[in-house]
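Residue-level structure breakdown
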Amino acid sequence: MKKTVFLFDFDGTLADTNQTVINSWHQTFKYVNGAPGDENWIIGTFGEPLWISMEKAFPGMDVDKLIEVYRSYQEKHFKEETKPFPGMVDVIKKLKSAGNKIGIITSRMRHTTEQGLDAFGIMDCVDAMVCAGDTVEHKPNPEPVLLGLEKLGADPSDAVMIGDSSFDIVCANRAGVTSALVDWAITSKTSKKDSNSGDKRNSEEEPDILIKTSEEILGLA
């Protein structure tokens, strides 16, 4: 079934924010410990709501203060360290011009999400956004995707959620929308299904579709 509603995660899917996220974490670890954090651990938090990761990293500390340190770095360096993944801006523009609905479902704050979309020149392509703070529950809970569908007036069967982490895939699967995992993300795992596979998934962490190039997304419309 062809899709008419395209829901995109932001970090690691649409935007290459890897370096600014890693650097923001290093800045926070330096604030607490005087030294950078473990990069493999940092990468393992990608896709998880920030406050949850902060509580894991610094139990018993003032998470609000640490998030302030983290976000202060991003506010200063977001534009210079963030860029769209190859082809993604063109894909979103083509999907929108063909009459499809576009949603952004992210655990990022609205301010920097809009900052990125504006910088990429695609803010006017987005019909609805669900960002950190818009829901009580967060990925992998289905609430963010369900709220996005509600804002778009869309049925789950018409939608595909495109993301880069297990948080995105589980969120999509639990919401009843088609789940698609991009293959270019730093969080991508090696055991995924081919995008042409008709096999059913074996667990809620397994995507329905593997996207190897941005152009493949256009084939879902």
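In short, a report on the structure.

The rules behind the values
Residues numbered from 1 in each chain as written. Predicted model: local features only at pLDDT ≥ 70, side-chain atom pairs only at ≥ 80, totals over all residues. Heavy atoms only, no water. 1 Å grid on protein atoms, 1.4 Å probe; cavity = no way out; pocket = protein on both sides within 12 Å on 5 of 7 lines; lining within 4 Å. Points joined across faces, edges and corners; volume = space filled by probe spheres on them. Nonpolar A, V, L, I, M, F, W, Y, C, P; charged D, E, K, R; others polar. Buried < 20%, exposed > 50% of the residue type's maximum accessible area, 1.4 Å probe, protein only. Helix = DSSP H or I, 4+ residues; strand = E, 2+ residues; numbered from the N terminus. Contact = heavy atoms within 4.5 Å. Axes fitted to C-alpha atoms, helices over the stretch in contact; angles between N-to-C directions. Parallel < 35°, antiparallel > 145°, perpendicular 65-115°, else oblique. Left-handed = near helix turned anticlockwise from the far one by under 90°.

1. Observations regarding the layout of surface pockets
The calculated volume of the largest pocket comes to roughly 450 Å³. For the largest pocket, the lining is made up of 26 residues, of which Asp11, Val21, Tyr70, Ser107 and Arg108 are closest to its centre. Considering only residue class, the lining of the largest pocket consists of 6 nonpolar, 11 polar and 9 charged.

2. Some details on helix α6 (residues 110-120)
All of the buried residues in α6 are Thr112, Thr113, Gln115, Gly116, Leu117 and Phe120. The inward-facing, buried residues of α6 abut β2 (15-16), α4 (63-81), β3 (83-84), α5 (88-97), β4 (101-105) and β5 (128-130). Backbone geometry just downstream of α6 places glycine 121 in the positive-phi region, at approximately 75 degrees.

3. Re the packing of helix α3 (residues 50-57) against α4
Contact geometry for α3 and α4: axes closest at 10 Å, N-to-C directions at 115 degrees. Between α3 and α4, the crossing angle belongs to the class labelled roughly perpendicular. Of the two possible hands of crossing, α3 and α4 adopt the one that is right-handed. Contacts between α3 and α4 pair Leu50, Trp51, Met54 and Glu55 from the former with Val63, Leu66, Ile67, Tyr70 and Arg71 from the latter. Within the contact of α3 with α4, the residues separate by chemical class into 7 nonpolar, no polar and 2 charged.

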